[in-house]
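Commentary on secondary and tertiary structure
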Amino acid sequence: MTDARVALDRVARSLLAAGLEAVEVYLKIGRSRRAALGSEGRLVSLHRENGWAVRASGARSSLFCCGSGELPLSGPWPSPDGPSLRLPGPRPVTEWREPAALRAPLCVEHEALEILEACERELARGLPGARLLQATLEDGESDSQVVNTRGVEALWRQRGSTLYLEAALGDDRVIEFVGGSNARAFNPRALVGRIVDRLLIRRDGTIGERDRGTVLLAPPVAVRILDALLPLLLGDEGGSGSGSGFGSFMAEHGALGSKHLNVVDDGRLANGLFSAPVDGEGVPTGKTVLLEKGVLRATLGHGAARDGETGGAVGCVRRASYRDIPRVGPSHLFIEADARMSPGALLADLSRGHYFLDAMDAGRFDLEGDRFEITVGGFAVRSGEPTRTISGARLSGRLSQLLGGLEAVARDLTFFPLRGLLGSPSLLITGLDVNGKSRF
Amino acid sequence: MWFSSADAAAIGRCLAQVADQATDIVDLFLERRYELEMRSEETGPGVVARRDEGFAIRLVRDGHTHLVARDGFEAGALESALREVARVIPSSAYSVPELATLGPPEIPAWDEFLDFQTRVRQAVRERHAAFDFRVRVAHHRRRVQLVGRRLMPEPETEAFFSLACSTPWGGFGTLTPELDDDCVAAVAKALVGRFRARGASVIGGFAGPIVLAPAATAVLLHEAVAHALETDTLVLSGRPEAAVGVALGSDLLDVLDSPGDMPPALRRETDDEGLPVLRRWLLRRGCVSQVLADRFHAGLSPHLLPGAARRASRHLPPVPRSTHLELVPGDHDFADLLEGASGIYFSEISRGRLDPLSGELVVEFPHGRRFRAGRLGDWVGRCVLRGKASQVLSAVEAIGDESEFAGAGWCAKAGHRLPVWATCAHLRLSGLEIGQ
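Note that the structure is predicted; figures quoted are calculated from it, not measured. Within each chain, residues carry numbers counting from 1 in the order of the written sequence. Going through the entries in the order they are written, you letter the chains from A and number the ligands from 1. Per-residue local features are limited, in this predicted model, to residues with pLDDT of at least 70; the limit for side-chain atom pairs, both in listing and counting, is 80 or more; totals at the level of whole chains, interfaces and linings are taken over all residues.

**Things to note about the overall build of chain B**
Counting from the N terminus, the helices are the DSSP runs of H or I reaching at least four residues and the strands are the DSSP runs of E reaching at least two. Scanning chain B for helices and strands turns up 10 helices and 25 strands. We compute the radius of gyration over the C-alpha atoms and compare it with the globule rule, which gives 2.2 Å times the number of residues raised to the power 0.38. A compact globule built from 436 residues would reach a C-alpha radius of gyration of about 22 Å, and chain B, at 23 Å, matches this within 12%. For every residue, the other C-beta atoms within 10 Å of its own C-beta are counted; 20 or more classify it as buried, 12 or fewer as exposed, and values in between as partly exposed. C-beta atoms are placed from the backbone. Looking at chain B as a whole, 49% of its 436 residues qualify as buried. Partitioning the contacts of chain B with sequence separation of at least 6, the portion at a separation of at least 24 is 72%. Whether two residues are in contact is decided by their C-beta atoms, placed from the backbone, lying within 7 Å.

This is the structure:
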């Protein structure tokens, strides 16, 4: 790999003529394998990525350039324009022990195909008549370096895998998309089991009756709530001011949600898909409590904007690839689980209510108007037992009630690749409408 | 050879060594793209430039596709990629030429970028409106070349601009071959539409006639005709060739895909598999005439014609997609279309999707205007049209007499982000319900 510090000196010299004094060079090499079963038959591909990115800024202008192949040390660069940008300064990196999984070899072709074929077999066994429309496994590794003229210098390695499964029964279609640090850890039986449950709910369920009360939300539904809260957790980049309807609720009650709501972002989560010692700008990552007992404690932010500050989380700037402008975003953002509580125990204690397993759309969450609705599937529950299959029901209410009515969390923390890796355990919530009047 | 001074015939011979069965498909796809984006955000960077180049080798054998993709053109890269795709270590080394691009890309002129936002602001003021908005302009250039065992078509190039505008009442995006006065006027009209419709009433349920402007017609046909007739969609529910002859819509509809009939900066002679593109009739008098196929799917049936393959990137395999949809114009002028009972006129569709299994079509309109007896009236807010694609296409009762090159946008089906284009006229439909 090119020596990034040497490259930075050359690039910085070539950009100085354009008045750009602050310069950052990012280099990445990667290798990935993709296997897919779908309408194109069987596909196996091998990709070698070799890219670079340069950010540079002067007093009143800036630029971001990126490309594949060798970094052009002396340009040509386009003329900078627009506002300036700030690069972060160096911060001490706390000790980082590289997980062994980071050095695990990529899946070879037959291993990757075997995982997909196992999914195909499990689906045929678990639900005759169902079809696997698309299955894609990606397994990759990369080495990145970032250096800047303010003294940041970092080198890190990442390793990650994703599995996308899309299955259908008649006209009903469901998608499971999961991520992890090692493709070999994907469990086809468990994943396909979730697909079968969801397809059966869609096949057998009815919309159910209008109701109001307690609901138990499984992780795929609960994680949508966390996704909706992201603008509040992204600090200045979130764009949600305190003047919003939801912001007023926070001001009035001093909290976003109940005492059971604890939200954490952890850039070093053990076996996490995005775990690394530093973020995309070379700023050290760490674990940050964003919401503690429902109270907002910190937001995610740029390392540069928070140089010298003690509050707020840094080390959370993400680069989806070398082609993308670094942006503040979560790495592993999750609602903390309660290790003592199983989802089965929460269900057993539910005397009357609903257990929703399936988010049938992404939902609509309006922070400004303090309202939400999402289409869900699952079961009506009496005395801890499912009594009726529900599909296409509208779960709605005020967002403040959704978070304030959180009564318990389970231990089944599950992550989903959304805007970052977002995770939630099952959540028990009171005071929500099922098939109530639309608030939108 | 555009990408290299190397001997293309030598590359063809190497590919022929890899494809040792008569039915094998093997090709080398060379790609080079450059994007320059001018942003108007509050924080930097103010300018974004992306240059991307590399190649991919594909081998299709017995329904299996092996693809090896590389960034850049490092020495020895082609040889090692050939070994990887063939998955053999030959007893004698391939005699493979090196690939190299011919120098760095030229950086496009800035002038038209710099004053585009100013021109749009001026055009908005001329429409007696003033509000805050941002415009992000990007120039996209792409050159691709394909080398096969026997094929070596000329390189293809495309160059266009993409615009992404944001207002407090929603965004607007489009693609355009040029930042000319027509483009400025179209963007200003779309932005002012959002401004005028900002407090407009929301429709609970409306079942009267609707008229779509050419840009909205383009999105509707892209979802309901093009996506419905792509072989990777059709294969999910049966044999793609079985669609031929099926009545998909009103007998007024004649729709074709014609990548060769676009403005010069976008025009294609060959597809992304190096095969000549066709003026492909998709619908004749509302019945399916042909479907969109690439080489892989065309191999499944002798009734399917390849030539509609597109690659979003060298890292992805080719897929069958439309490039430029054309709707044959009808004989109604715009005033005719607005005659009669009260209806709603939609100038744009902000989003559309087709469920490939159920055929359920959903299109979202950012706003519209009521019309009655030939005159446009009050604005209406965001609304949605839902229905089976065939039901919606059967509701077409008149087509405008003037076509426009309009309605271009990004298609992102199955993760393949591709620019798509259309030449369409106004469309009048009845018997459909518009709701929320």
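Back to the write-up after that little detour.
**Quick word on the overall build of chain A**
Each helix and strand counted, chain A has seven helices and 21 strands in total. Taking 440 residues into account, the globule formula puts the C-alpha radius of gyration at 22 Å, and chain A, at 24 Å, falls close to it. Buried positions account for 50% of the 440 residues belonging to chain A. The contacts in chain A between residues at least 6 apart in sequence include a share of 71% that link residues at least 24 apart.

**Describing the sheet that holds strand β9 (residues 287-292) of chain A**
Residue and element names in this part refer to chain A. A pair of strands is treated as paired once DSSP finds two or more bridges between them. Spatial ordering of the open sheet is given by β10-β9-β8-β13-β20-β19, a layout of six strands whose pairing is mixed. One side of each edge strand has no neighbouring strand; the edge strands of this open sheet are β10 (295-296) and β19 (414-418). For strand β8 (residues 263-266) and strand β13 (residues 332-335), the ladder comprises three bridges, and the chain directions are antiparallel. Of the residues in β13, the one forming a bridge with valine 264 is phenylalanine 334. In the packing of helix α4 (residues 219-233) onto the sheet, the strands contacted are β8, β9, β13, β19 and β20 (420-424), and the crossing angle to β20 comes to about 125 degrees. Angles here are taken between N-to-C directions and fall from 0 to 180 degrees, while the axes themselves are lines fitted to C-alpha atoms, restricted in helices to the stretch in contact.

**Here's the deal with the packing of helix α4 (residues 116-126) of chain B against helix α5 (residues 181-196) of chain B**
Helix-helix packing is described using two parameters, namely the angle between the two axes and the distance between the axes. All names here are of chain B. Running from N to C, α4 and α5 point in directions that differ by 55 degrees, and their axes come no closer than 9 Å. The angle between α4 and α5 places the two elements in the oblique class. For the pair α4 and α5, the sense of crossing is right-handed. In contact with Arg119, Val120, Ala123 and Val124 of α4, α5 contributes Val184, Ala185, Val187, Ala188, Leu191 and Val192. Any angle that falls under 35 degrees is termed roughly parallel, while one over 145 is termed roughly antiparallel, one within 65 to 115 roughly perpendicular, and all others oblique. Working rule for handedness: look at the near helix, and if it is turned counterclockwise from the far one by less than a right angle, call the crossing left-handed; if clockwise, right-handed.

**A short note on the domain arrangement of chain A**
Residue and element names in this part refer to chain A. Split by domain assignment, chain A resolves into domain 1 (4-204) and domain 2 (211-434). Each partner contributes to the interface: domain 1 provides 34 residues, whereas domain 2 provides 29 residues. Elements that contribute at least two residues to the side of domain 1 that touches domain 2 include exactly β1 (22-38), β2 (41-57), β3 (62-68), β5 (153-169), β6 (172-180) and α3 (188-204). Looking at which element gives the most residues to the side of domain 1 that touches domain 2, the answer is β5, with six residues. Of the residues in the side of domain 1 that touches domain 2, the class split is 17 nonpolar, nine polar and eight charged. A domain assignment, automatic or from a database, supplies the domain bounds used here. Gly counts as polar in this scheme, as do all residues outside two lists: the nonpolar Ala, Val, Leu, Ile, Met, Phe, Trp, Tyr, Cys and Pro, and the charged Asp, Glu, Lys and Arg.

**A look at the interface of chain B and chain A**
Contacts between the two partners involve 39 residues from chain B and, on the opposite side, 41 residues from chain A. Counting only elements with at least two residues in the side of chain B that touches chain A, the list comes to β1 (25-38), β2 (47-61) and β3 (64-71) of chain B. Broken down by class, the residue content of the side of chain B that touches chain A amounts to 18 nonpolar, 11 polar and 10 charged. The sheet contact formed by β2 of chain A and β3 of chain B spans seven bridges and is parallel. Along β3 of chain B, the bridge assignment pairs histidine 47 of chain A with alanine 69 of chain B.

**Here we look at the confidence of the model for chain A**
All names here are of chain A. How sure the predictor is of each residue is captured by pLDDT, a score from 0 to 100. Of the residues in chain A, 93% reach a pLDDT of 70 or more, and the chain-wide mean stands at 90. Mean pLDDT in chain A bottoms out at helix α5 (residues 245-253), which sits at 63, and peaks at helix α2 (residues 109-126), which reaches 97. Below a pLDDT of 50 lies the segment residues 239-243, which in the model reaches eight contacts outside its immediate sequence neighbourhood of four places, other chains included.

**Notes on the nonpolar core**
Val23 and Val25 of chain A together with Leu221 and Ala224 of chain B are the most contacted members of the largest nonpolar core, which has 186 residues in total. In this structure valine 25 of chain A touches Ala4, Ala7, Leu8, Val11, Trp52, Val54 and Val147 of chain A, once residues within four positions along its chain are discounted. Of all hydrophobic cores here, the second largest spans 58 residues; its members include Ala112 and Phe186 of chain A together with Leu15 and Phe296 of chain B. Only buried residues count toward a nonpolar core: Ala, Val, Leu, Ile, Met, Phe, Trp, Tyr and Cys, linked into one set through C-beta atoms within 7 Å.

**Side note on the pairing of strand β14 (residues 343-346) of chain B**
Residues and elements named next belong to chain B. Burial of the side chains of β14 extends over both faces: Gly343 and Tyr345 are buried on one face and Ile344 and Phe346 on the other. Pairing analysis gives three bridges linking β14 to strand β17 (residues 368-372), with the strands arranged antiparallel. Along β17, the bridge assignment pairs tyrosine 345 with arginine 369.

**What about the environment of valine 319 of chain B?**
Residue and element names in this part refer to chain B. Here valine 319 is to be found in strand β12 (residues 319-320). Judged by the 25 C-beta atoms lying within 10 Å of it, valine 319 is buried. Sequence spacing of valine 319 and threonine 231 is 88 residues, and the spatial spacing of their C-alpha atoms is 8.8 Å. Other than its neighbours up to four places away in sequence, valine 319 contacts Asp232, Asp294, Ala309, Arg310 and His416.

**Some words on the pairing of β8 of chain A**
Where β8 of chain A and β9 of chain A come together, four bridges link them in antiparallel fashion. Bridging from a neighbouring strand, valine 264 of chain A pairs with valine 289 of chain A of β9 of chain A.

**Structural notes on the environment of glutamate 281 of chain A**
By the element assignment, glutamate 281 of chain A lies in the loop between β8 and β9. Residues glutamate 281 of chain A and glutamine 158 of chain A lie 123 residues apart in sequence; the distance between their C-alpha atoms is 15 Å.

**So, helix α1 (residues 8-18) of chain B**
Residue and element names in this part refer to chain B. All buried positions along α1 are accounted for by Ile11, Cys14, Leu15 and Val18. Buried residues of α1 fall within an arc of 100 degrees about the axis and therefore sit on the same side. Contact partners of the buried residues in α1: β1, β2, α2 (77-86) and β4 (134-148). Think of it as the arc spanned by the lines of direction from the helix axis to the C-beta atoms.

**Here we look at the domain arrangement of chain B**
By convention, interface size is frequently given as the accessible area that disappears when the constituent parts associate. Residues and elements named next belong to chain B. According to the domain assignment, chain B contains domain 1 (8-195) and domain 2 (199-435). Here domain 1 and domain 2 have C-alpha centroids that lie 24 Å from each other. Listed per partner, the contact involves 31 residues of domain 1 and 22 residues of domain 2. Looking at the side of domain 1 that touches domain 2, its residues break down into 16 nonpolar, eight polar and seven charged.

**What about the confidence of the model for chain B?**
Per-residue pLDDT for chain B averages 91, and the proportion of residues at 70 or more is 95%. Confidence metrics for the complex model read pTM 0.92 and ipTM 0.90.

**Brief notes about the packing of α2 of chain A against α3 of chain A**
Residues and elements named next belong to chain A. At their nearest, the axes of α2 and α3 sit 9 Å apart, and the two run at 45 degrees to each other. By the criterion of interaxial angle, the relationship of α2 to α3 is oblique. For the crossing formed where α2 meets α3, the hand is right-handed. Between α2 and α3, the residues in contact are Ile115, Ala118, Cys119, Glu122, Leu123 and Gly126 and Pro188, Arg189, Leu191, Val192, Gly193, Ile195 and Val196, respectively.

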